[in-house]
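Chain residues, written in single-letter form:
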Amino acid sequence: MFWIDNAWLIPIFPAIAFVLIIFVTKKVKMLSALTALAAMATSMMFSIGILFTILGSHGEINMNAPIEYSVPWLTIPGVHITAGVLIDPLTAVMLCVVTIVAFLVQLYSVGYMADDPGFSRFFAYLSLFTFSMLGLVVANNYFQMFFFWELVGLCSYLLIGFYFYKNSAADANKKAFVTNRVADFGFMIGIFFLWLVFGTFNFQELAHAIEGYGNVGFLTLVAVLVFIGPVGKSAQFPLHVWLPDAMEGPTPVSALIHAATMVAAGVYLLARGFVLFNAAPSALLLIAYIGGFTSIFAASIAIVQDDIKRILAFSTLSQLGYMVMAMGVGSITAGMFHLTTHAFFKALLFLGAGSAIHAVHSNSIFDMGGLYKNMKTTTWTFVIGSLALAGIFPLAGFWSKDEILLVTKEGGFTGLYIIGTIVAFLTAFYMFRLIFTAFFGEKRSDHHAHESPWTMTVPLMVLAVFAIFIGFVGAPFVEHGFASLIYFGEPHHATPDYFLMISSTLIALAGIVLAWYMYGKKAVDTEALKQRFLPIWTLLYNKYYIDEVYQWFFDKIVLNIGNAFNWTDRKVVDGIADGFSDLIRATGARLRFVQTGSMQTYALVLFAAVVLIVLWMAVPVLGGM
Amino acid sequence: MTFPIMTTIVLAPIIGALIIMFIPEKEDQIIKITAAAATFVSLVLAIFAFLNYDTKVGGLQFLQDIPWVEAFGITYSVGVDGISLPLVLLTAIVIFTGVFASWDMHNRVKEFFITLLVLVAGVFGVFVSRDLFFFYLFFEVAVIPMYLLIAIWGSTRKEYSAMKLTLYLLVGSAFALIGIIAMFLYAAQPEHLGIRTFDIAQLSLVNYDIAFQKFIFFLFMVGFGFLVPMWPLHTWSPDGHVAAPTATSMLHAGVLMKLGGYGLIRAGIFIFPEGAKFWAPLIAVLCIVNVVYGAMVAMRQKDLKFVIGYSSVSHMGYVLLGIASLNTLSINGAVAQMFAHGIMTALFFSLVGNIYHKAHTRTISEFGGLAHQMPRVAAGFVIAGLASLGLPGLNNFVAEFLIFVGSFSVDKVLFGWLHFRVLSILAILGVVITAVYVLRVVQFTFFGPRNPKWDHLEDAKGIELVPVVILIATLLLFGLFPQPLIGMINTGVVPLVEKINAAAQVGGIF
């Protein structure tokens, strides 16, 4: 129990590293990196310790019987907020995913960022991020979740804008923050409603309260509001626009934050608060379809992009859509399983992409080509990652993707099942389009590609091992696997569906073969194809113009409302006040002449007044008017 | 006799000002050190009081009474409770850091610091007074130096702004004065208290009839509304912010505006709970205009100080929302927001002052990439911006959260169709708009490619960092550990809310 009792320290270590780097080691680059890595390694050790404690507890610590402790953070009459730790298998898995990927990404960054003047700043931000992310993962209540939810958003902002001197980066981080703010607006109102009705933010207490609560309409409203949070954080349609732009950040950041961990926080929230969503079936249905739509929508964009990081970004959107869809059809087992495997192979792919970019100094896959000759490790680990993502037996993605397809099929969501299958085809296609273009074929630009240093290749190899083997923890034939750890209500052991396994593998292979046929063998003139379907190609290439619509809305609507208000403030509100003061001044200026000091004028006014008064008083007497 | 700690807090700046009078004009270093020392005394005592206030007992503490004009029941009586003590601490922090932010002042240094210290003595006086006569007197003491500070040491249309600010504040205080005198006369009638007194506690015991309450609260709402400032009485404030020299902006936005919120709570709600209930819906609607409209206008400003000026209008709307919601959480939030906003906006102004002093411009479009030349200023500005948009971990989040939760739990329908919760949702929307304008300013000022035009700018260093560090530390301290601050505020809010709940419901305006 040592590990669990001290679980609260897991976020604290990187927090300490952050403070140390900012105030002490900032000038000494390697010391900063070592501090961050040491903190991360310690957190990783604690996380693995917790996972093994739970595995060793023989089911005593399970999803329905977690361990929880907390300290008061703010207590006044009417509101009691705690800072706490909730340990169950869900937390443990997520802790391990975050700390392991974060550790490897930090190690990789030592090489990748070696020449960057902001080296220490980078490690400080990464430490701040892991602190926030781990704080979010261990949270035992919605308030704490929201607190760290915002902090990871801040870190994302800081890291996307790491190259703040690039205008594109400064645009991208603002976009990311504001989009997430819009989402958190809904999330926050959802939390307020929960608090209003149930009087608590605590997950466990809420779970009990919701079970006995009958007003489904209210729960649906709240569930949808809370879900808006994940729509932003996990970049689901229609708030997905920030994630592709977030690729402006350094590549390790894209790997850690914008692929493996932070963007998965939305999915994690869905799992953590699943009682709420489960109690609102129509909200759950909405979640399923939003996820399904995002997965196919993003995959269709990915097939025409030429920036290697953007292809991966749209792939991330698509895979997050998968996870959200799995949650929506009611299987947190499948959703979390895919989150876990995806974290490893997607981090691998991003780091591999970083290695390639590092060598070629360009993001475009059409500037690369033939990288395999000089970059063996990068190429082969990238291929492993892609096979895992495409879901080829027996790599990680195969097991988790199949489980998602299985739950949609078993749940009777035929539409979603078909979408999921098409996405599997598209995924395989765009990944191997990328591989055949960038890593194989002939050299297309004047680059001098060379293999990266060991700090970069070792994480690639470790992640490749994970990408191959991590899927077995959830394979249907494994007893006491993933499904017996993470479930809602009762564990649901999937029985192997061989038809599904074989068909999805064949579909993925078909995608790969088609990609090879078009981009490897070049049997099809892709340029002619593009010209033939130019309208569609343009639509896809421009991401269905959604960014433009939002930009138009902001430029034309929001800013003009601002202008109108500004004008009102200056001309109307202030105008009235200034007018009033002018009136007083003008009156004063006129009245000044009254006090002329001339006796005759005074006498005249006096006489006129008397006449007027007499007349006025005389009116009733005279009976006039 | 115990040590008169509150009186000393008020007197320390005045004594400092008196000492500075005898220092030759050319010894400006000594003048600055004296000012720093005087405000340091206030700061240390304020911290001491903050730490030694007994939250278990609550109520007014650190009392002192000296009868003054007994025939009219005017007593110099001071003391603080959970609502005023944080504001005293706020004032002490802001003026202490403000003195350091004025370290580069070279024009009429002696007069500047004398005026500044008199101003702050007035502000301290308002917060510690338990007697409405002195409350009013101290307020006037604070307004006049403000005029001088802006008109003499200001920039950008300084005469216009100084006059505008002074007139608005005086008109506001005239409304309040009428209210105070009417209340004094009412209470002095034999069927009520039968004695002449300005003591707030005694005045609050009177059973004012409803019509009278409605009338006086209206006067207070308008009078203190000018100060807060409540829409549409706000236009003096951005102009004043922009024209004022750095330390004055800090005090003005940081503290002076809080006198309005404080007055509304102390003299308004506490004495006239029924009146407050009657007018609360109107305040609630106007404050949403503050929040949303202020933020939208801030988005379109071209001058850094105007952005912050309008952001203050927007943020003070949250204070009003907290007040208008009339429950424990919301009023706790309102007071906390006054504290947090004071610190945050002082930080903003000290940083903008730093930039302006070196670049001689505040026009946002002329900047860009300033983070290259001034990384520390940029970092400070980003932190202030994050506080402003309500990021968890900084003090403002706690305050806004309490206001939102408090206002969200008001289950009332205004005017027969407008649910109160709609207003709180609009207020929460304000946070989104805030994020937009804050991040735009940060981007356009600090991010982007290096601009060689500003290569001569030096980053903040040495003494210039004192305010930045103290203010950020305060935001972080109460953002990460809010209990000491909120717990204290709560001791002051609980009796207030008991009074509100005991008061008859009067249906509300309209």
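Given the structure is predicted, the values throughout are model-derived calculations rather than measurements. (Residues numbered from 1 in each chain as written. Chains lettered and ligands numbered in written order. Predicted model: local features only at pLDDT ≥ 70, side-chain atom pairs only at ≥ 80, totals over all residues. Heavy atoms only, no water.)

*Asks:* Explain the overall build of chain B residue by residue, including any values.
*Replies:* Regarding its fold elements, chain B presents 19 helices and four strands. Within chain B, the fraction of its 510 residues that count as buried is 69%. In chain B, the proportion of contacts linking residues at least 24 apart, taken out of those at least 6 apart, comes to 81%. Only carbon and sulfur atoms are counted for the fraction: they give 69% of the accessible area of chain B, which is about 15700 Å². Between the averaged position of the 27 positive side-chain charges in chain B and that of its 26 negative side-chain charges there is a distance of 7 Å. (Helix = DSSP H or I, 4+ residues; strand = E, 2+ residues; numbered from the N terminus. Buried < 20%, exposed > 50% of the residue type's maximum accessible area, 1.4 Å probe, protein only. Contact = heavy atoms within 4.5 Å. Areas by Shrake-Rupley, 256 points an atom, 1.4 Å probe, with all protein chains shown as cover. Lys, Arg positive; Asp, Glu negative; His and termini not counted. Charge placed at Lys NZ, Arg CZ, Asp CG, Glu CD.)

*Asks:* An account of empty space enclosed by the protein is needed here, citing residue identities and associated values.
*Replies:* Applying the stated criterion to the full structure yields eight cavities of 30 Å³ or more. Looking at the largest cavity, its volume works out to about 120 Å³. Considering the residues around the largest cavity, the lining is formed by 15 residues, among which Phe146, Glu150, Arg181 and Met188 of chain A together with Val431 of chain B are closest to the centre. Looking at the lining of the largest cavity, the elements with two or more residues in it are helix H6 (142–160) and helix H7 (167–198) of chain A together with helix H16 (395–408) and helix H17 (420–446) of chain B. Considered class by class, the residues forming the lining of the largest cavity number ten nonpolar, one polar and four charged. (1 Å grid on protein atoms, 1.4 Å probe; cavity = no way out; pocket = protein on both sides within 12 Å on 5 of 7 lines; lining within 4 Å. Points joined across faces, edges and corners; volume = space filled by probe spheres on them. Nonpolar A, V, L, I, M, F, W, Y, C, P; charged D, E, K, R; others polar.)

*Asks:* Break down the interface of chain A and chain B for me, citing the residues and quoting the values.
*Replies:* Each side of the interface is counted separately: chain A has 49 residues, and chain B has 60 residues. Between chain A and chain B, a total of about 4800 Å² is buried, with carbon and sulfur atoms accounting for 74% of that surface. Broken down residue by residue, the surface that chain A buries against chain B is led by Phe164, Arg181 and Phe192 of chain A, which jointly contribute 13%. Asp574 of chain A is the salt-bridge partner of Lys164 of chain B, the closest N and O atoms lying 2.6 Å from each other. (Buried area = accessible area lost by both parts, 1.4 Å probe. Salt bridge = Lys/Arg side-chain N within 4 Å of Asp/Glu carboxyl O.)

*Asks:* Break down the packing of H6 of chain A against helix H9 (residues 216–233) of chain A for me, with residues and values.
*Replies:* Residues and elements named next belong to chain A. It is at 12 Å that the axes of H6 and H9 come closest, and there the two elements cross at 25°. Taken together, H6 and H9 sit at an angle that is classed as roughly parallel. Both H6 and H9 take part in a crossing whose hand is left-handed. Along its contact with H6, which presents Tyr142, Trp149, Val152 and Gly153, the element H9 presents Val226, Gly229, Pro230 and Lys233. In terms of residue class, the contact of H6 with H9 is built from five nonpolar, two polar and one charged. (Axes fitted to C-alpha atoms, helices over the stretch in contact; angles between N-to-C directions. Parallel < 35°, antiparallel > 145°, perpendicular 65-115°, else oblique. Left-handed = near helix turned anticlockwise from the far one by under 90°.)

*Asks:* Can you tell me about the nonpolar core, naming the residues and giving the values?
*Replies:* Soluble globular proteins tend to pack their nonpolar side chains together in the buried interior. Tyr142 and Met336 of chain A together with Leu132 and Tyr208 of chain B are the most contacted members of the largest nonpolar core, which has 457 residues in total. In terms of residues, this core owes the most to one element, helix H16 (residues 332–360) of chain A, which gives 18 residues. Setting aside chain neighbours within four positions, we find Tyr142 of chain A in contact with Phe187, Ile191, Leu194, Phe201, Phe203, Leu206, Val226, Leu269, Gly273 and Leu276 of chain A. (Core = buried A, V, L, I, M, F, W, Y, C linked by side-chain atoms within 4.5 Å.)

*Asks:* If you had to explain the environment of Ile422 of chain A to someone new, which residues and values would you point to?
*Replies:* All names here are of chain A. Positionally, Ile422 belongs in helix H19 (residues 414–438). Take Ile422: its relative accessible area is 38%, and that puts it in the partly exposed class. On a C-alpha basis, the gap between Ile422 and Asp307 in space is 23 Å, while along the polypeptide they are 115 residues apart.

*Asks:* I'd love a proper account of the layout of surface pockets, names of residues and values included.
*Replies:* A probe as big as a water molecule, rolled over the atoms, marks out the empty space that is left. Its volume calculated, the second largest pocket comes out at about 980 Å³. Lining the second largest pocket are 31 residues, and of these Val178, Tyr550, Phe553 and Phe554 of chain A together with Val436 of chain B sit closest to its centre. At eleven residues, the largest contribution of residues to the lining of the second largest pocket is made by helix H25 (residues 546–592) of chain A. In terms of residue class, the lining of the second largest pocket is made up of 21 nonpolar, two polar and eight charged.

*Asks:* Kindly report on the side chain of Lys258 of chain B, identifying the contributing residues and their values.
*Replies:* Its place among the elements puts Lys258 of chain B in helix H10 (residues 246–269). There is a polar contact of 2.6 Å between the side chain of Lys258 of chain B and the side chain of His341 of chain B. (Polar contact = N/O pair within 3.5 Å; in protein donor to acceptor, adjacent residues only side chain to side chain.)

*Asks:* Break down the pattern of salt bridges for me, citing the residues and quoting the values.
*Replies:* On inspection of all chains with the given rule, the structure shows 22 salt bridges over all chains. A salt bridge links Arg181 of chain A to Glu150 of chain A, with the nearest nitrogen and oxygen atoms 2.6 Å apart. You can see Arg181 of chain A sitting in helix H7 and its partner Glu150 of chain A sitting in helix H6, a full 31 residues away along the chain. Take Arg181 of chain A and Glu150 of chain A: they sit in the same class, and that class is buried. A salt bridge links Asp303 of chain B to Arg362 of chain B; the nearest nitrogen and oxygen atoms lie 3.1 Å apart. Highlighted residues: Asp303 of chain B in the loop between helix H11 (273–299) and helix H12 (304–325) and Arg362 of chain B in the loop between helix H13 (328–359) and helix H14 (370–373), separated in sequence by 59 residues.

*Asks:* I'd love a proper account of the environment of Asn396 of chain B, names of residues and values included.
*Replies:* All names here are of chain B. Within the secondary structure, Asn396 is located in helix H16. Classification of Asn396 by relative accessible area gives buried; the value is 0%. Residue contacts for Asn396: discarding those within four places in its chain leaves Gln337, Ala340, His341, Met344, Ala387 and Leu475.

*Asks:* Help me get a handle on unusual backbone geometry, residues and values and all.
*Replies:* At the junction of Phe393 of chain A and Pro394 of chain A, the peptide bond is cis and its omega measures out at 0° in the coordinates. With respect to the element layout, Pro394 of chain A can be found in the loop between helix H17 (376–390) and helix H18 (396–410). Cis geometry is found at the peptide bond from Trp231 of chain B to Pro232 of chain B, where omega equals 0°. The residue Pro232 of chain B is located in the loop between helix H8 (210–227) and helix H9 (236–243) in this model. You will see that Leu326 of chain B, though not glycine, has its phi angle at about 55°, which is positive. With a relative accessible area of 9%, Leu326 of chain B lands in the buried category.

*Asks:* Tell me about the packing of aromatic side chains, and name the residues and values.
*Replies:* Counted under the stated rule, the structure contains 90 aromatic pairs over all chains. On the numbers, 5.8 Å between centres and 40° between planes, the contact of Phe143 of chain A with Phe397 of chain B is tilted. Separated into two different chains, Phe143 of chain A in helix H6 and Phe397 of chain B in helix H16 make up a pair that spans both. Given a relative accessible area of 5%, Phe143 of chain A falls into the buried group. Given the relative accessible area of 3%, Phe397 of chain B is considered buried. On the basis of an interplanar angle of 5° and a centroid distance of 4.3 Å, the ring pair of Phe184 of chain B and Phe198 of chain B is categorised as stacked. Linking Phe184 of chain B in helix H6 (residues 158–188) with Phe198 of chain B in the loop between H6 and helix H7 (200–203), this pair joins segments that are 14 residues apart in sequence. Taken individually, Phe184 of chain B and Phe198 of chain B each receive the classification buried, so the pair is uniform in this respect. Of note, Lys530 of chain A hangs over the ring of Trp537 of chain A, and the distance from its end group to the ring centre comes to 4.2 Å. Positioned above the aromatic ring of Phe270 of chain B is the side chain of Lys499 of chain B, whose terminal nitrogen or guanidinium carbon lies 5.3 Å from the ring centre. (Phe/Tyr/Trp six-rings, centres within 6.5 Å; stacked < 30°, edge-to-face > 60°. Lys NZ or Arg CZ within 6 Å of the ring centre and 35° of its normal.)

Any functional reading would require information beyond the geometric quantities listed.
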